[in-house]
Amino acid sequence: MARIFITGSADGLGLEAAKSLVALGHQVVLHARDEARGQQAMEKVPGAAAVLTADLSGIAATKQLAEQANATGTFDAVIHNAGAYRVPRNSTTTDGLPVLLAVNSLAPYILTSLMHPPKRLIYLSSGMHLQGNPDVNNILPGNKYVSYADTKLHDVILAMAVARLWEDVYANAVNPGWVPTKMGGAGAPDSLEEGFETQVWLAVSDDPAARVSGEYFYHKRKAQYLPAARDTAVQDQFLALCEQMTGVAFGRRGK
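Residues numbered from 1 in each chain as written. Predicted model: local features only at pLDDT ≥ 70, side-chain atom pairs only at ≥ 80, totals over all residues. Heavy atoms only, no water.

J.: Could you give an account of the pattern of salt bridges, naming the residues involved and the relevant values?
T.: When the charged atoms of two side chains with opposite charge come close together, those side chains can pair. All told, the structure shown has 7 salt bridges when counted by the stated rule. The residue Lys119 makes a salt bridge to Asp76 at a minimum N-O spacing of 3.5 Å. In this pair, Lys119 is assigned in the loop between α4 (99-114) and β5 (120-124) and Asp76 in the loop between α3 (59-71) and β4 (77-80), connecting sequence segments 43 residues apart. Since its relative accessible area comes to 55%, Lys119 is described here as exposed. Note that Asp155 and Lys152 form a salt bridge whose closest N and O atoms lie 2.8 Å from each other. (Salt bridge = Lys/Arg side-chain N within 4 Å of Asp/Glu carboxyl O. Helix = DSSP H or I, 4+ residues; strand = E, 2+ residues; numbered from the N terminus. Buried < 20%, exposed > 50% of the residue type's maximum accessible area, 1.4 Å probe, protein only.)

Shown next as structure tokens:
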């Protein structure tokens, strides 16, 4: 039995992945942005071990979530599923950062850096990352607008950086496809089941194809991703900028 933590598991793909993992006999800790949604999540996933609550748009709240998670022990896998999508163009957080950047890019960075390292890390990206800006300096305060595509590229960059720097952890990014969730919309053409089963597979499978690192998957198959994400200079610059904005240093370690 594996212990898995899934951010943004009150609905959508995170909720479906949680249900699947619980059905497989694993211990799953859920996450929701507030207590009301957390209670709803526990009701939707009978058998879930617990739920942790935090609004990932806030740096302080995300740091506190890492502390809460660590207090429960070390996880075998963490699925960074939480994401913001439809937000006003100039919407900012209490920290003065774009909401998309805070939730989609900085929250997984903070949690990765502060939580006890698991054996497996899965980062939810999107096919839209191919339209992301590979010049990560655009996330600096005062610079131009950060798009959803930019943040989904950041998730791939983060996954590839972790895979390079943490050789004892399997770290991968996933494109779940355009699926019929609240985010994707009812008319989305992709399969909901295929949208979450890759995360489940990467989190717990003993299949040699799942026990890899530094890959980008679409429906359990390796897929092409923006080459800039493989650039170590881009990775190091992204990590440095995240540290600058959050005050959290990324721990570099080997086997």
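J.: Mind laying out helix α2 (residues 35-44), listing which residues take part and the relevant values?
T.: Taken as a whole, α2 has its buried residues at Arg37, Gly38 and Ala41. Seen from one end, α2 has its buried residues packed into an arc of 105 degrees, which puts them on one side. Opposite the buried face of α2, by more than 90 degrees, sit the exposed residues Glu35, Gln39 and Glu43. Considering only its buried residues, α2 is in contact with β2 (27-32) and β3 (50-53). Its side-chain oxygen placed 3.3 Å from the backbone nitrogen of Ala36, Asp34 serves as the N-cap of α2. (Arc of directions from axis to C-beta. Contact = heavy atoms within 4.5 Å. Polar contact = N/O pair within 3.5 Å; in protein donor to acceptor, adjacent residues only side chain to side chain.)

J.: Explain the sheet that holds β2 to me, and be specific about the residues and the numbers.
T.: The 8 strands are arranged β3-β2-β1-β4-β5-β6-β7-β8 in an open sheet whose pairing can be described as mixed. Both outer strands of the open sheet, β3 and β8 (221-222), are each paired with one neighbouring strand and no more. The pairing of β4 with β5 spans 4 bridges and is classified as parallel. Looking across to β5, one finds that Ala77 is bridged to Arg120. On the sheet, α2 packs against β2 and β3 and is oriented at approximately 160 degrees with respect to β3. (Pairing = 2+ DSSP bridges. Axes fitted to C-alpha atoms, helices over the stretch in contact; angles between N-to-C directions.)

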